[in-house]
Structures are given as structure tokens and as C-alpha cells.
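Observations on chain architecture
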Amino acid sequence: MSETPSNTKKLYIKTYGCQMNVYDSERMAEALGGSGYTEVSSPEEADMILLNTCHIREKAAEKVYSELGRYKDLKIANPDLKIGVAGCVAQAEGEEIMRRQPMVDLVVGPQSYHRLPELEAKAGHGQKALDTDFPEEDKFEKLKSRPKAKRAPAAFLTVQEGCDKFCAFCVVPYTRGAEVSRPVDRILTEARDLVERGVREITLLGQNVNAYHGAGEGGTWGLARLIRELAKVDGLERIRFTTSHPNDMEDDLIAAHGDCEKLMPYLHLPVQSGSDKILKAMNRKHTAEEYLRLIERIRAARPDIAMSGDFIVGFPGETDQDFEDTMSLVREVGYGSAFSFKYSPRPGTPAAEKGDKMVDPDVASERLHRLQSLITEQQHAFQDAMVGREVSVLFERKGRLPGQMVGKSEYLHAVHVTDDVAVGDIQRVRIIESGPNSLGGVLLR
Ligand code: SAH
Ligand code: SF4
Ligand code: F3S
């Protein structure tokens, strides 16, 4: 496979941001495998360091620059060390990164990873390489196929990328580009390949995964049809998908939660706010009531589904009443888990450009704290309610204690047992205790 087998160079990749970056990092490592690189776990040993970055909030972007600062001594000690920045900061800031951090040799946007080997060859010894195009060709096709190595039992598979929704606060449509769906046959081939290598659970990824509309037999397929086809793959036992937009939750996808056994009862469905005024200002194109009715329909199809979501507090113009509306919505839904963030103005997005009055930072912090307390309470209640129940667990790794094995339930809870199970086993488990971050159980055999 390798074009330069005698030349083993070491690659260190650090991944920030969403699951799509995790998937992309794996694929980049494979692409550079063809240039003689093998992955290592510390930057000190590396011949090349690649940061796969996230631009979603200011703090995420700043982390990249502070991490780069930490590599200065390594670069002085080894002038041949190549330093690359990939991902959404690379896309958003491009050459600016090299200006701010001259030791960066290479900048590659999320749509150009397949060109990494060429960029790598070009970079170094004072030469800089930059590629932040949105090329016509399909980067997934151009990437070298995954080597047939054994894999962990749960894997990600990107099926859709980019976003056309343009929520007023969000950089993703600018960093990832327009919505593109991969064709059905390529996804099926990749899924079968993963299964052959030991994968039993696949999480389908997309910035707007339920807007999936890939070319398949007889025309364009939606996500539900793709999931039903994947469910036919022998050996693939569990399917999940993330992240969805409420407006793309179509009837057949809701129905699949009720009748497709391999589709797990967990749904991440961000709403961002419970105030119609703020939802409108965010350009979300739905009301709080529409979201609540949608959840009713999903629960009618799958009553035990674990709901998850994302929230932004302190969006410009958010009043105390708007925030209380968010709290009420959260109370009404009852989340199994949810993520909440303080609004962070992102350069180039409509919300930041309009320069609307920012919410006082202390007020925003206080709101975030209250929302997070409520969510944590719901999370614990949901977790505690599992005690005494039977769940199915896919075991993924050894636990911290001797003899302990850890896996995920269908509701995405971490579950640990001290029974004799192997990585990759799926077993029925009775939950006997609920800890701060995981559940304890015993095997039912
Ligand atoms: N594609 C996904 C997630 C995008 S980013 C979706 O549409 O839901 C993940 C989360 O980050 C968002 O759901 C939102 O809650 C949060 N987020 C995005 N931009 C943000 C910003 N400018 N400030 C604070 N949080 C933000
Ligand atoms: Fe961002 Fe909105 Fe698109 Fe999600 S749907 S990626 S929040 S623009
Ligand atoms: Fe971050 Fe880009 Fe994902 S901005 S959340 S890494 S799509």
C-alpha cells in the first residue's frame, strides 16, 4: 500500500470540535499513511503535527493558537518538524494563521484533505502550503481507502457535509460549505467494510444529517431509506445519526424510530432557544411550539427515546422572559442530556455583523449556570430511572477498575460491569446503580 515503505515518519494529530472532525482525522491519517506516516500519541515524537480545529466559538479558535505556541520549542529543536492546521479554523482564517504563527507550514480546509499528501510534500524548509478550496471532486473518493485493520466496535461514518441553513450565529455554512450528500452505494460499501473490521455500531454523521439526500437506486434517497438499507447489513447491529435539524425531521424518519430495530432510541435535536422571538432572530425557521409538537410525534413512535439538544444563552436581544421561555421548554421536554453554550459572536456571521446589543456577560453567565443546573438535574433523573431496568450494552473498552468492562446502552449511557465480556459483545444488562457519570450493571445470561 505505502508508496515509500522504508520511510516511516511519525504523525501526531490533535482533534477539536465535533464528531465530523474525529472522522476526518482518521481519514487524514489514512491519506498520510500513503506518504509513509504512522500515527503516534505525543507531539514530542512527531515529524508532523496536525491540528484538526474547530471555529464554532471564540474559545475553540483561541485554543488552536495557544496549542501552536506550545510547539515552538519542538520546532526549534527540530527544524524539519512540519506543523499543519486543518479543519474549520483553517477554512475560516486561511493565510492569517501563517501570519499569526509563522512556524505553521501547512493549512488545509475540510474539503481539501485528499490533497494532503501533495501539500505535505510541498511544505517545510520555509515553503508554505495552503489549500482552502471547495473543490468539485469528492474528497471521500479521492482519499485512500481505509486499511483493513481491526477497528473499535463503534465508528463514525460521514454521509452528509455542509449546511444551507445559515443560523444567524453559526460559522458552519462558511467553514464546511454548502450541503453535499454522499451517494448511497459508497456509504454502503464503507459500512460493510467497517463491519468486516469489527464494527457493530455506526453513527451516521452530517452537519445536517437528516437533510441527507444522496443519489441511490431509482433516484434520491432520504436518511430514513438509507438507515433501512444499512439495517440490512449483516453484523451491523446498531445505527445512530447526528446532528439533525427540527425542520428536516420527516415522517419516514420519525417512523423509523418506531419500526427499525437497529436504530437506537437516542436523538440529538438542537432547538437553541425556547423563545419565538429569539428563534426568529436566529433564523431557525420554526417556533418553540412546533419543536414541542415534533417531539410529541417522535415519542409517539418511540416512547422511551432519549432526547438531547443544544442551547445558546445570551443571544443578542435575549431578555429575562426569553430565557425563562427556554427554561420552560427544557422543563416540558425533559432531556436525557443536552449541551448549552454562551453565545459567542463569530466573525462573518449575520448575528455578529449586525452588531445588536450583546447581553451583559454576567447576566449570560448566570443564565448559563441556571440552564446547566436544570439540564444536569434532568440528566441525573433520566439516568437514575434506569436503575432496575434491563438495557442492551455494546462493550467498547476495559474500565478503570480491574476486571471492569465499559460500554454504551441504547440510550448512550456509559454502563460498566465486572462480568466476563469481550470488546464488541452486545449483552443484556440489568442496571443496579447510577453513579455521577455512568451506570453500573450485571449481565443477564
Ligand atoms: N450542525 C449542528 C451543530 C452545529 S454546532 C446543528 O445544526 O445543530 C453545535 C452547537 O454549537 C450548536 O447547536 C449551537 O448550540 C452551538 N453554537 C453554534 N454557534 C455558536 C455560537 N456562535 N455561539 C455559541 N454557541 C454556538
Ligand atoms: Fe449551524 Fe444552523 Fe447549520 Fe446547525 S443548522 S450547522 S447551527 S447553521
Ligand atoms: Fe467545529 Fe467545524 Fe465541527 S466549527 S463543530 S469542527 S463543523
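Quantities reported herein were computed from a predicted structural model and do not represent experimental measurements. (Residues numbered from 1 in each chain as written. Chains lettered and ligands numbered in written order. Predicted model: local features only at pLDDT ≥ 70, side-chain atom pairs only at ≥ 80, totals over all residues. Heavy atoms only, no water.)

**A word on the UniProt feature "domain: Radical SAM core" (unreviewed entry) in the protein**
What counts here: UniProt positions are given in the numbering used here, feature names are shortened, and annotations may be inferred rather than shown by experiment. Working definition: helices are DSSP H or I runs of at least four residues, strands are E runs of at least two. Numbering for both runs from the N terminus.
Under the UniProt annotation, the feature "domain: Radical SAM core" (unreviewed entry) is placed at residues 149-381. Between the end C-alpha atoms of residues 149-381 the distance is 40 Å, and the span holds 40% helix and 19% strand.

**What to know about the nonpolar core**
Quick note on the threshold: The criterion is simple. A nonpolar core is a set of buried Ala, Val, Leu, Ile, Met, Phe, Trp, Tyr and Cys residues joined through side-chain atoms within 4.5 Å. Think of it in three bands: residues with accessible area under 20% of the maximum for their type are buried, residues over 50% are exposed, and the middle band is partly exposed, with areas taken using a 1.4 Å probe on protein chains only. Domain segmentation is taken from an automatic or database assignment of domains. Residue contacts follow a heavy-atom distance rule, with two residues in contact if any of their heavy atoms lie within 4.5 Å.
Core analysis: the biggest nonpolar cluster contains 56 residues, and L204, F241 and Y335 have the highest contact counts within it. Residue assignment places this core across two domains, with domain 2 (148-264) and domain 3 (298-385) each supplying three or more. If near-sequence neighbours (up to four positions away) are discounted, Y335 is found in contact with V271, Y291, M307, S308, G309, F311, L329, V330, Q378, Q379 and F382. Core analysis: the next-biggest nonpolar cluster, separate from the first, contains 23 residues, C54, A60, V89 and A90 among them.

**Some remarks on the pairing of strand 11 (residues 213-216)**
Threshold: One bridge is not enough; two strands pair if DSSP finds at least two bridges between them.
Pairing between strand 11 and strand 12 (residues 219-222): four bridges, direction antiparallel. Of the residues in strand 12, the one forming a bridge with A215 is T220. Taking the residues that link successive antiparallel strands as the turn, the strand 11-strand 12 hairpin has two residues, and the phi of G218 there is positive, at about 80°.

**A few points about the packing of aromatic side chains**
Each aromatic ring pair is described using two quantities: the centre-to-centre distance and the angle formed by the ring planes. As a reminder of what qualifies: Here the aromatic set is Phe, Tyr and Trp, taking the six-membered ring for Trp, and pairing holds for ring centres within 6.5 Å; pairs whose planes are under 30 degrees apart are stacked, those over 60 apart are edge-to-face, and all others are tilted. Sitting over a ring, as applied to charges here, requires NZ of Lys or CZ of Arg to be within 6 Å of the ring centre and within 35 degrees of the ring normal.
Here the structure, examined in full by the defined rule, presents five aromatic pairs. Pairing F315 with Y343 gives two aromatic rings, centres 5.3 Å apart and planes at 70°, and the pair type is edge-to-face. Within this pair, whereas F315 is found in the loop between strand 15 (306-313) and helix 14 (320-333), its partner Y343 is found in the loop between strand 16 (337-342) and helix 15 (350-353), the two being separated by 28 residues in sequence. Since its relative accessible area comes to 3%, F315 is described here as buried. Chaining the aromatic ring pairs together yields one cluster made of F169, F315 and Y343. We note R100 situated over the ring of Y65; from NZ or CZ to the ring centre the distance is 3.6 Å.

**Structural notes on unusual backbone geometry**
Along the chain, T242 connects to T243 via a cis peptide bond; the corresponding omega equals 0°. Positive phi outside glycine occurs at N283, with the angle close to 65°. Relative to the helices and strands, N283 resides in the loop between helix 12 (276-281) and helix 13 (288-301). For N283, a relative accessible area of 26% corresponds to the partly exposed category. The backbone phi angle of K285 is positive, close to 65°, even though this residue is not glycine.

**Some words on helix 11 (residues 251-259)**
Selection rule: To be clear, the arc concerns the directions from the helix axis to the C-beta atoms.
Residues of helix 11 that are buried: L253, I254, A256 and H257. Buried residues of helix 11 fall within an arc of 150° about the axis and therefore sit on the same side. Exposed residues pointing more than 90 degrees away from the buried face of helix 11 are listed as D251 and D259. Where helix 11 is buried, its residues touch helix 10 (223-230), strand 13 (238-242), strand 14 (266-268) and helix 13.

**Details of the site of ligand 1**
Heads up, the condition is: Residue proximity to a molecule or strand is established when one non-hydrogen atom of the residue lies within 4 Å of it. Think of a polar contact as two N or O atoms within 3.5 Å of one another; within protein, one of them needs to be a possible hydrogen donor and the other a possible acceptor, and neighboring residues in sequence only count if both atoms come from side chains. Here the accessible surface of atoms and residues is derived via Shrake-Rupley with a 1.4 Å probe, and residues count as covered only by protein chains that are part of the display. Under the grouping applied here, Gly and all other residues not named as nonpolar or charged are polar, the nonpolar ones being Ala, Val, Leu, Ile, Met, Phe, Trp, Tyr, Cys and Pro and the charged ones Asp, Glu, Lys and Arg.
Surveying the vicinity of ligand 1 reveals 14 residues, the closest of which are F169, Q207, Q272, D310 and S344. Q207 is positioned such that a nitrogen or oxygen atom in its backbone is 2.7 Å from a nitrogen atom of ligand 1. Surface burial for ligand 1 is 89%, taken as the share of its 530 Å² of free accessible area covered by protein chains. Looking at the shell around ligand 1, its residues break down into six nonpolar, four polar and four charged. If you count residues domain by domain, the shell around ligand 1 takes at least three from each of domain 2 (148-264) and domain 3 (298-385).

**Observations concerning the domain arrangement of the protein**
Here is the rule: When two parts are put together, the accessible area they lose, computed with a 1.4 Å probe and summed over both, is reported as buried area. Each reported salt bridge corresponds to a side-chain nitrogen of Lys or Arg within 4 Å of a carboxyl oxygen of Asp or Glu.
Examined at the domain level, the protein breaks down into domain 1 (9-131), domain 2 (148-264), domain 3 (298-385) and domain 4 (390-443). Put simply, the middle of domain 3 and the middle of domain 4, counted by C-alpha atoms, are 30 Å apart. Taken together, the contact between domain 3 and domain 4 spans six residues of the former and eight residues of the latter. Both faces considered, domain 3 and domain 4 share a buried interface measuring about 570 Å² in area, 47% of it formed by carbon and sulfur atoms. Interface area lost by domain 3 to domain 4 is led by D304, F382 and Q383, which between them contribute 70%. Taken together, the connections running from domain 3 to domain 4 amount to zero salt bridges. Top contributing element to the side of domain 3 that touches domain 4 by residue count: helix 16 (residues 361-384), with four residues. Residues belonging to the side of domain 3 that touches domain 4 are distributed by class as follows: two nonpolar, two polar and two charged.

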